Amino acid sequence: MTVTYPRKFQNVLGAREVLKRVVCDREIHLITLNRYRYSEQRSCKDLTDLIEKLNGQPRELVRDLSHHISDEARHAMWLTDLLAELGADIGKPPGSSYINEFERLLDHEQQDPVQNLEDFVISSLAAINATEKRGCEYFSAHIYALKQAPETEENIKIRETIEKILPEEAGHVRWGNRWLGELARKSPEHRQKVEQAKQKYTAIEQAAFEAGMDITLGAELRRVANLVEVANTMPLWQRPQYLMERLPQTLLAPELQFTRMQAAQKAWQRDPQMFIEKFVPMFLNGIQGRENNRKKTSV
């Protein structure tokens, strides 16, 4: 069975590079932790919805998912306690929502357990597996970044909290891999369905991940390119409807426009000079241009 891994942001920035920058700015660091908290908390709701859709079958999966919810709730509790102790915000995080974008990109017609329970289980497990892999990648990179950062009391508390979460998240990835592997071994047809589901939800996860990070000029067109990449994982007859239903919101992207205004206002308030020297060029050039300039100056 093919092993899939999360890709870098726009094939340029890896998790370690991102988190190295995050831990140097306390405000961004706390927002990132709050995003973790929100994701763990939201997972409890989404997994509960999944259990209700399964309606008791298959029994072993329902039981496993109930344990999964318990883990996610515990992670949300740990992160909430940490943020409260640090005096940080524990409301809905600012900016584009990775979770909302992931759900927007799902093909809900293919997410119906009544029509075909087994296909629904494969799709659900592939979706969970893709998001859990991203979580593991970023928790691991966060711990690494904190070990390189100054060993302040606050950084130690943050690192210790993430170190408690990471092993359980890694266990969720192994659990998903095991379930998908067992389903794939049932028959060549099952193997093909599992591989297709993994490709589809890996593409959806990548698109949602990039949408949550990219606010620079041309982000709308990059979102369209990612949308087409998702559609290309589907059968030919499903692609036109999938694209037409999601293309208008992808191009208009009202949440993206609001996030841009928030980010620009925040950057101006923090440091008007930095806004002119760094934020505006980054917005105009995008992350690719910024990285290319950085590499040139380091040569």
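Residues numbered from 1 in each chain as written. Predicted model: local features only at pLDDT ≥ 70, side-chain atom pairs only at ≥ 80, totals over all residues. Heavy atoms only, no water.

In the nomenclature of an unreviewed UniProt entry, the protein corresponds to Ferritin-like domain-containing protein from the organism Nostoc linckia FACHB-391.

Caption draft 1: How the structure looks around unusual backbone geometry. The residue after Gln57, namely Pro58, is reached through a cis peptide bond having omega -5°. Following the sequence through the fold, Pro58 ends up in the loop between α2 (26-54) and α3 (59-85). The phi dihedral of Asn55 is positive, around 55°, even though this residue is not glycine. Note on placement: Asn55 falls in the loop between α2 and α3. (Helix = DSSP H or I, 4+ residues; strand = E, 2+ residues; numbered from the N terminus.)

Caption draft 2: Local environment of the pattern of salt bridges. Under the defined criterion, the tally for this structure stands at 17 salt bridges. Put simply, Glu168 and Arg74 hold a salt bridge, and the shortest N to O gap is 2.9 Å. Of this pair, Glu168 sits in helix α6 (residues 153-184) while Arg74 sits in helix α3, placing them 94 residues apart in sequence. Assessed through its relative accessible area of 23%, Glu168 is described here as partly exposed. Here Arg246 and Glu245 are joined by a salt bridge, their closest N and O atoms 3.2 Å apart. On the accessibility criterion, Glu245 (48% relative accessible area) is partly exposed. (Salt bridge = Lys/Arg side-chain N within 4 Å of Asp/Glu carboxyl O. Buried < 20%, exposed > 50% of the residue type's maximum accessible area, 1.4 Å probe, protein only.)

Caption draft 3: Highlighting the nonpolar core. The biggest cluster of nonpolar side chains holds 35 residues, and the ones touching the most others in it are Leu54, Leu61, Leu65 and Leu125. At the level of secondary structure, the elements contributing two or more residues to this core comprise α2, α3, α4 (98-105), α5 (117-148), α6, α7 (188-213) and α8 (219-231). The residues touching Leu65, leaving out its near neighbours within four places in the chain, are Leu47, Leu50, Ile51, Leu54, Ile128 and Trp175. (Core = buried A, V, L, I, M, F, W, Y, C linked by side-chain atoms within 4.5 Å. Contact = heavy atoms within 4.5 Å.)

Caption draft 4: Main features of α2. Helix length check: α2, at 29 residues, gives a terminal C-alpha distance of 42 Å against a target of 42 Å (1.5 Å per residue), a fit within 8%. Two or three places before Glu27, at the opening of α2, Asp25 has a side-chain oxygen 3.1 Å from that residue's backbone nitrogen. At the exit of α2 stands Asn55, carrying a positive phi of roughly 55°. (Expected span 1.5 Å × (residues − 1). Polar contact = N/O pair within 3.5 Å; in protein donor to acceptor, adjacent residues only side chain to side chain.)

Caption draft 5: Highlighting the packing of α8 against helix α9 (residues 239-252). The interhelical angle for the contact between α8 and α9, taken along N-to-C directions, is 165°, at an axis separation of 10 Å. Taken together, the axes of α8 and α9 are roughly antiparallel relative to one another. Once α8 is placed against α9, the crossing between them reads as right-handed. In this structure, α8 uses Glu220, Leu221, Arg223, Val224, Leu227, Val228, Val230 and Ala231 to contact α9, whose residues at the interface are Arg239, Tyr242, Leu243, Arg246, Leu247, Thr250 and Leu251. Its residues assigned to classes, the contact of α8 with α9 comprises 10 nonpolar, 1 polar and 4 charged. (Axes fitted to C-alpha atoms, helices over the stretch in contact; angles between N-to-C directions. Parallel < 35°, antiparallel > 145°, perpendicular 65-115°, else oblique. Left-handed = near helix turned anticlockwise from the far one by under 90°. Nonpolar A, V, L, I, M, F, W, Y, C, P; charged D, E, K, R; others polar.)

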